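Remarks on the overall topology
Chain residues, written in single-letter form:
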Amino acid sequence: RFIAKPCAINLGIQDSGPHRAQPNAILEKVFTSITKSPDAKRLEGLSKQLDWDVRKIQRWFRHRRNQDKPTTLTKFCESMWRFTFYLSIFFYGIRFLWTAPWFWDTRQCWYNYPFQPLTSRLYYYYILELAFYWSLMFSQFTDIKRKDFLIMFVHHLATIGLITFSYMNNMVRVGTLVLCLHDASDFLLEAAKLANYAKYQRVCDAFFMLFGVVFIVTRLGIYPFWILNTTLFESWELIGPYPSWWLFNGLLVTLQVLHIIWSYLIIRTASKALVRGKVSKDDRSDVESSSEEEEVTSNSTKGVFSTSSNGSNRLNGHVAGGQWTGE
């Protein structure tokens, strides 16, 4: 309210939403009481009842669905808040872990376990991360529902479970490594969205490509060969198969499966961007820029780039296709 909004206004971002639908009592009743996306049969019936063209009715429903979406200013403020948190907590974690012995030798995570001291810096690091992920868990039910809702729900459950479980079992050393690794790419994604909202397309594309590289290196490289290696093998070797070993590693492996899914989507987006010259479409977007029929014709007249007004992509909501214009 006091920082992000003035920044957005200075960048020329207006507090204006999508095109509003023409007032129509019949269509409004169908939209609110029956369906927000009528099928072909219902469209034909409404067309005869109103003496409207089917495509005009489709456009009305599209505009009606979109008009409830948040404005670009709202999305900018939300992304700026997340960018600030992710960047701050990442540098806090790096500064803290740089002097920690287990950052350089993961076997230190298990020496003298479970009798390892919990310092105040480590405690605050854990509590801040846990509080933030709980806020994401609750806010996803009030935010725009995206196509990756289920994946994000599983992600938040696994993350909260891991943070809580590792804290209760004093596995905080390896826990800090997991947290810091995940924060390494999240602030880059939010930076890309901020640049997009401000219509700095080149900056947006650069941040997205950098995000993709960091995400894949950390989640498909460092995470399995550094984190999973110590939790699966080094812990077994040094302290044996402790009772909660299977649950702890099961949650970590669940995160790895999600990493693979997201990495595939990011690579697909990046490959399209290299061919087309820009990040062009977010497969998770639930806001239509055109009806199905119009998309066919617009592709031949407007090219491959289309705009969207989708809400925020957490990845710790992560991008799955990457349309940034209007997103």
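An unreviewed UniProt entry lists the protein chain under the name CERS5 synthase, with Pachyramphus minor given as the organism. According to the UniProt record, the Catalytic activity (unreviewed entry) comment for the protein chain is "sphinganine + octadecanoyl-CoA = N-(octadecanoyl)-sphinganine + CoA + H(+)".

Once that is clear, we can look at the packing of aromatic side chains. Counting across every chain of the model gives 27 aromatic pairs. With a centroid separation of 5.6 Å and an interplanar angle of 50 degrees, the aromatic rings of Phe-211 and Phe-215 are classed as tilted. Of this pair, Phe-211 and Phe-215 both sit in helix 10 (residues 201-239), separated by four residues, roughly a single helical turn. Exposure class is identical for Phe-211 and Phe-215. Each is buried. Following the ring pairs from residue to residue traces out a cluster consisting of Trp-81, Phe-85, Tyr-86, Phe-132 and Tyr-133. Between the NZ or CZ atom of Lys-56 and the centre of the ring of Trp-52, over which it lies, the distance is 4.3 Å.

Attention now moves to unusual backbone geometry. In the segment running from Tyr-113 into Pro-114, the intervening peptide bond is cis, with an omega of 5 degrees. Note on placement: Pro-114 falls in the loop between helix 6 (101-104) and helix 7 (120-139). A positive phi angle, near 60 degrees, is found at Asp-51, a position not held by glycine. Following the sequence through the fold, Asp-51 ends up in the loop between helix 3 (40-50) and helix 4 (54-66). With a phi angle near 60 degrees, Asn-170 is a residue other than glycine that sits in the positive phi range. With respect to the element layout, Asn-170 can be found in the loop between helix 8 (149-168) and helix 9 (172-197).

When pLDDT is averaged along the protein chain, the result is 79; 80% of the residues meet or exceed 70. Counted against residues more than four places away or in other chains, residues 280-327, with its pLDDT under 50, gives 162 contacts.

Between side chains of opposite charge, a pair can form as their charged atoms come close. For the structure shown, the criterion picks out four salt bridges. Put simply, Arg-107 and Glu-237 hold a salt bridge, and the shortest N to O gap is 3.3 Å. With Arg-107 in the loop between helix 6 and helix 7 and Glu-237 in helix 10, the pair connects residues that are 130 residues apart, well separated along the chain.

Further remarks concern the nonpolar core. Grouped together as the largest cluster of nonpolar side chains are 55 residues, with contacts concentrated most on Leu-97, Trp-102, Tyr-223 and Phe-248. At the level of secondary structure, the elements contributing two or more residues to this core comprise helix 5 (72-97), helix 6, helix 7, helix 8, helix 9, helix 10 and helix 11 (245-276). Tallying contributions element by element places helix 9 first for this core, with 12 residues. Among all residues touching Tyr-223, those that are not within four sequence positions of it are Val-178, Leu-181, His-182, Thr-218, Leu-228, Leu-252, Leu-255, Gln-256 and His-259.

Moving on to the packing of helix 2 (residues 25-33) against helix 4. Orientation of helix 2 relative to helix 4, taken along the N-to-C sense of each, is 55 degrees, at an axis distance of 11 Å. In this view, helix 2 runs oblique relative to helix 4, as classed from their interaxial angle. Considering only the axes of helix 2 and helix 4, their crossing is right-handed. Contacts from Leu-27, Glu-28, Val-30 and Phe-31 of helix 2 reach helix 4 at Ile-57, Trp-60, Phe-61, Arg-64 and Arg-65. Residue composition of the contact of helix 2 with helix 4, grouped by class: six nonpolar, no polar and three charged.

For the rest of this paragraph, the subject is helix 10. Taken as a whole, helix 10 carries its principal kink of about 55 degrees at Tyr-223; the proline Pro-224 stands between one and four residues after it. Just beyond helix 10, the residue with positive phi is Gly-240, at close to 85 degrees.

Residues three or four positions apart in an α-helix share a direction because the helix packs 3.6 residues into each turn. Those residues of helix 2 not exposed but buried are Leu-27, Val-30 and Phe-31. Viewed along the axis of helix 2, the buried residues span an arc of 100 degrees, placing them on a single side of the element. In helix 2, the exposed positions angled more than 90 degrees off the buried face are occupied by Ala-25, Lys-29, Thr-32 and Ser-33. Those residues of helix 2 that are buried lie in contact with helix 3 and helix 4.

Let's shift gears to the side chain of Gln-256. Inspection of the secondary structure puts Gln-256 in helix 11. Side-chain polar atoms of Gln-256 contact the backbone oxygen of Arg-219, separated by 3.4 Å. Dropping the residues within four chain positions of it, Gln-256 is found in contact with Arg-219, Leu-220, Tyr-223, Pro-224 and Leu-228.

Conventions and cut-offs
Residues numbered from 1 in each chain as written. Predicted model: local features only at pLDDT ≥ 70, side-chain atom pairs only at ≥ 80, totals over all residues. Heavy atoms only, no water. UniProt positions renumbered as here; feature names shortened; annotations may be inferred. Phe/Tyr/Trp six-rings, centres within 6.5 Å; stacked < 30°, edge-to-face > 60°. Helix = DSSP H or I, 4+ residues; strand = E, 2+ residues; numbered from the N terminus. Buried < 20%, exposed > 50% of the residue type's maximum accessible area, 1.4 Å probe, protein only. Lys NZ or Arg CZ within 6 Å of the ring centre and 35° of its normal. pLDDT = per-residue confidence, 0-100. Contact = heavy atoms within 4.5 Å. Salt bridge = Lys/Arg side-chain N within 4 Å of Asp/Glu carboxyl O. Core = buried A, V, L, I, M, F, W, Y, C linked by side-chain atoms within 4.5 Å. Axes fitted to C-alpha atoms, helices over the stretch in contact; angles between N-to-C directions. Parallel < 35°, antiparallel > 145°, perpendicular 65-115°, else oblique. Left-handed = near helix turned anticlockwise from the far one by under 90°. Nonpolar A, V, L, I, M, F, W, Y, C, P; charged D, E, K, R; others polar. Bend = angle between axes of the 7 residues up to and from the residue. Arc of directions from axis to C-beta. Polar contact = N/O pair within 3.5 Å; in protein donor to acceptor, adjacent residues only side chain to side chain.

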